[in-house]
Amino acid sequence: MKTMQKSPLQIARQSYQPKMPVALQGAVRLVEGEKTHSVADQEEIQRLFPNTYGMPIIKMEPAEGKPHMAEPINVGVILSGGQAPGGHNVISGLFDGLKALNPQNKLYGFLGGPSGLIDGKYQELTADIIDDYRNTGGFDIIGSGRTKLEETWQFDNGIKVCQDLGIKAIVIIGGDDSNTNACVLAEYYLQKQCGIQVIGCPKTIDGDLKNEMIETSFGFDTACKVYSELIGNIQRDANSAKKYWHFIRLMGRSASHIALECALQSQPNICLISEEVEAKKMTLNDIVEQIVEVIVDRANHGLNFGTILIPEGLIEFIPAMRVLIQELNDMLAANEEFAALEGDDAKREYVKSMLTPASCELYRSLPKGIARQLTLERDPHGNVMVSLIETEKLLIEMVGKRLAQLKAQGVFKGKFSALNHFFGYEGRCAIPSNFDADYCYSLGVTATHLIAAGKTGYMSSVKNLTRPAAEWIAGGVPITMMFNMERRNGKMKPVIQKALVDLNGAPFRYLKEHRAEWADANTSYIYPGPVQYYGPTEVCDQPTHTLKLEQEK
Ligand code: FBP
């Protein structure tokens, strides 16, 4: 097999030893807290999850002696959904944790995401494989996928595959939907009494899997730091050349956590927040006017440049657009007639004929390219793939048109030249920051202790994250605790509540208090620079501004 070529930094990172909470550094004792209940719809969730509902929160404390497990076990691990920096460290933490308990323990990786479990595609993860991936970005050690684990036949296939391999527990590393499915699987396996435990791990760069017990999902820290570096570089360029407005769309799916965090790190002239747009029931034109006002004002001070951050999911939070997208989702669901049409014009005419008058008008008013992007294939959950919709280009076009009108009226006297950017894939596989490397490794070790104690239906949790790693608190949170009932594909389903940006929360309030000052003529840009792995703690080990502000309260 061809050996992997490595950069000097990759080689140095291989020997980085992640920092861990004191409680995980030796033998561990599990302390059970109070019984729990779900965040909402308690009766319904309890009825649906009779075996995993109400379990206590678990805290890990140091114990006497060395980690030990008498009988060896086999464990399987799955990476689910979009890549997030640190996934490999969850797996190496899991591996080291298992081997410390009993060197005979084995770890199997299911290949290509949840489908690996269903189809029985796996690989044993041995020390030499793990060592090659320590502290690296990406999910390529075993690959990831977006197959949903939700059908009984899939769960039954999983039992068969696990029994063949002697697997006693599965760890699912994923976002809110994957952890929802992890809990459904845990409940099913308890009902079937097949002896297979299921443990979840909170992953997603989007930052929307968080709650009272899970302070942040892994990957958010590194991804935001990488995007903020790029934004800072662009701002320095803008402030040097003084001739472009940069419209920068940032990944994050529905929630605007990434855009908000990057704004806190880099202080752009404008940062749109989808949740605010929705709360204020803003139209596309309102957003355009808001941007135009800042551009005109800066132009009046001779500044024809700036930066605007746009959350990926913005378009879905504009109420009229949401209705249009919903109508398109319903129309596109299993629509063979539409799929069979050839050419963009035929498709456009068909779509127009199917929409309600208000949505049809909005659809017609959009640039053709954007309208076409709205009708592209949906993801496995039936959602529009917002990463494919070039909202930044839509805004450039609309802002440009409005400024041309204002110029004709003599109101706008400046120049408007815009460039578009989309940052998403650039950060999802970056080498994990020290924070993510440490956090993920601890999540992996924590998962092994939950498994060793026979727990199932739990999410691995590590808290107190703004403190030094030694003071972090490891434990387990029953996944049912995060559940509520939501309408999905026309049916009410138990799901983990997604955390959108809280407009009363400290991070958004900070943006609100400072954004006028960032927009005005006294440029306030911050240039964060690249993620640093070696050097002083204040440079290398800082958590996100979001976490710090949230925990200051
Ligand atoms: P997850 O929820 O699976 O972690 O997705 C993260 C994400 O990067 C989103 O921000 C983005 O919208 C989506 O994945 C892109 O999906 P894909 O990887 O399929 O292009």
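A. Structural view of the overall build of the protein. Looking only at helices and strands, the protein has 23 helices and 15 strands in total. Its C-alpha radius of gyration of 24 Å places the protein within 12% of the 24 Å reference for a compact globule of 553 residues. If one aligns the C-alpha atoms of the protein with their principal axes, the spans along those axes are about 80 × 60 × 50 Å. Classification of the 553 residues of the protein by burial places 57% in the buried group. Carbon and sulfur atoms provide 50% of the accessible area of the protein, an area that totals close to 23,300 Å².

B. How the structure looks around the site of the ligand. Taken together, 14 residues lie around the ligand, and Gly82, Arg146, Asp206, Glu312 and Tyr425 are the ones closest in. At a separation of 2.9 Å, an oxygen atom of the ligand approaches a polar side-chain atom of Thr204. Arg253 places a side-chain nitrogen or oxygen 3.4 Å from an oxygen atom of the ligand. Counted by class, the shell around the ligand contains three nonpolar, five polar and six charged residues.

C. The arrangement of the pairing of strand E2 (residues 58-62) in detail. With five bridges joining them, strand E1 (residues 28-32) and E2 adopt antiparallel strand pairing. Considered in E2, the bridge of Glu32 is made with Ile58. Both E2 and strand E13 (residues 473-478) contribute to a ladder of two bridges, which runs antiparallel. Directly across from Ile58, in E13, lies its bridge partner Gly476.

D. Representation of helix H16 (residues 357-365) within the structure. Of all the residues in H16, the buried ones are Ser359, Cys360, Leu362 and Tyr363. Along the long axis of H16, the arc covered by the buried residues comes to 165 degrees, so they all point the same way. Projecting away from the buried face of H16 at angles above 90 degrees are the exposed residues Pro357, Ala358, Glu361, Arg364 and Ser365. Those residues of H16 hidden inside the fold are in contact with helix H13 (319-332), helix H15 (344-354) and helix H17 (368-373).

E. Just the pattern of salt bridges, in detail. Using the criterion set out here, one finds 27 salt bridges in the structure. The closest approach of N and O atoms between Lys280 and Glu276, which form a salt bridge, is 3.0 Å. Residue Lys393 pairs with Glu390 through a salt bridge whose shortest N-O separation is 3.1 Å.

F. Up close: the sheet that holds E2. The nine strands are arranged E1-E2-E13-E12-E7-E6-E3-E4-E5 in an open sheet whose pairing can be described as mixed. The open sheet has two edge strands with one neighbour each: E1 and strand E5 (122-124). In this sheet, adjacent strand axes meet at a mean angle of 30 degrees when their direction is disregarded. Summarising the sheet, strand E7 (residues 197-202) and strand E12 (residues 458-463) pair through two bridges and their orientation is parallel. In the sheet register, Gly200 faces E12, and the bridge partner there is Met459.

G. Quick look at the packing of aromatic side chains. Tallying each qualifying case throughout the model produces 10 aromatic pairs. Ring geometry for Phe338 against Tyr350: centres 5.9 Å apart, planes inclined by 40 degrees, an arrangement best described as tilted. On the criterion of sequence distance, the pair formed by Phe338 in helix H14 (residues 336-340) and Tyr350 in helix H15 is long-range, its members being 12 residues apart. The burial state of Phe338 is the same as that of Tyr350; both residues are buried. Three or more aromatic residues link up through ring pairs in this structure, and these residues are Phe155, Tyr188 and Tyr189. Over the aromatic face of Phe422 sits the side chain of Arg249, whose NZ or CZ is 3.8 Å from the ring centroid. The ring of Phe317 is capped by Arg322, whose NZ or CZ atom sits 5.1 Å from the centre of that ring.

H. Broad picture of the packing of helix H11 (residues 284-300) against helix H18 (residues 391-408). Taken N-terminus to C-terminus, the directions of H11 and H18 make an angle of 60 degrees; their axes are 9 Å apart at the nearest point. Classified by the interaxial angle, the pair formed by H11 and H18 is oblique. The crossing of H11 and H18 is right-handed. For the pair H11 and H18, the contacting residues are Leu284, Asn285, Ile287, Val288, Glu289, Ile291, Val292, Ile295 and Val296 in the first and Leu394, Leu395, Met398, Val399, Arg402, Leu403 and Leu406 in the second. When the residues that make up the contact of H11 with H18 are grouped by side-chain class, the tally is 13 nonpolar, one polar and two charged.

I. Representation of the state of the cysteines in the model. With the rule as written, the count across this model stands at zero disulfides. With no disulfide partner, Cys201 has as its closest neighbouring cysteine sulfur the one in Cys440, 8.2 Å distant. For Cys440, a relative accessible area of 0% translates into the label buried.

J. The arrangement of the sheet that holds strand E10 (residues 306-311) in detail. Pairing within the open sheet is parallel, and its four strands lie in the order E9-E10-E8-E11. Of all the strands in the sheet, just strand E9 (270-271) and strand E11 (418-423) have a single pairing partner and so form its edges. Pairing of strand E8 (residues 245-250) with E10, which is carried by six bridges, proceeds in the parallel orientation. Note on E10: the bridge partner recorded for His246 is Thr307. Relative to E10, helix H9 (residues 257-266) is tilted by about 155 degrees, and along the sheet it contacts E8, E9 and E10.

K. Structural detail: the side chain of Ser433. Within the fold, Ser433 resides in the loop between helix H19 (425-428) and helix H20 (434-452). A polar contact is formed between the side chain of Ser433 and the side chain of Asp221, at a distance of 2.7 Å.

L. Structural context of helix H21 (residues 506-519). Given a rise of 1.5 Å per residue, 14 residues ought to cover 20 Å, and the 20 Å separating the end C-alpha atoms of H21 matches this to within 8%. Along H21, the sharpest kink reaches roughly 40 degrees, centred on Glu513. Turning to H21, its buried residues are Ala506, Pro507, Phe508, Leu511, His514, Trp518 and Ala519. Each element contacted by the buried residues of H21 is listed here: H9, E9, helix H10 (274-279), H11 and helix H23 (545-552).

The rules we used
Residues numbered from 1 in each chain as written. Predicted model: local features only at pLDDT ≥ 70, side-chain atom pairs only at ≥ 80, totals over all residues. Heavy atoms only, no water. Helix = DSSP H or I, 4+ residues; strand = E, 2+ residues; numbered from the N terminus. Rg over C-alpha atoms; globule rule 2.2 N^0.38 Å. Buried < 20%, exposed > 50% of the residue type's maximum accessible area, 1.4 Å probe, protein only. Areas by Shrake-Rupley, 256 points an atom, 1.4 Å probe, with all protein chains shown as cover. Near = heavy atom within 4 Å. Polar contact = N/O pair within 3.5 Å; in protein donor to acceptor, adjacent residues only side chain to side chain. Nonpolar A, V, L, I, M, F, W, Y, C, P; charged D, E, K, R; others polar. Pairing = 2+ DSSP bridges. Arc of directions from axis to C-beta. Contact = heavy atoms within 4.5 Å. Salt bridge = Lys/Arg side-chain N within 4 Å of Asp/Glu carboxyl O. Axes fitted to C-alpha atoms, helices over the stretch in contact; angles between N-to-C directions. Phe/Tyr/Trp six-rings, centres within 6.5 Å; stacked < 30°, edge-to-face > 60°. Lys NZ or Arg CZ within 6 Å of the ring centre and 35° of its normal. Parallel < 35°, antiparallel > 145°, perpendicular 65-115°, else oblique. Left-handed = near helix turned anticlockwise from the far one by under 90°. Disulfide = S-S within 2.5 Å. Expected span 1.5 Å × (residues − 1). Bend = angle between axes of the 7 residues up to and from the residue.

Everything listed here is a matter of coordinates, which is why it stays silent on function.
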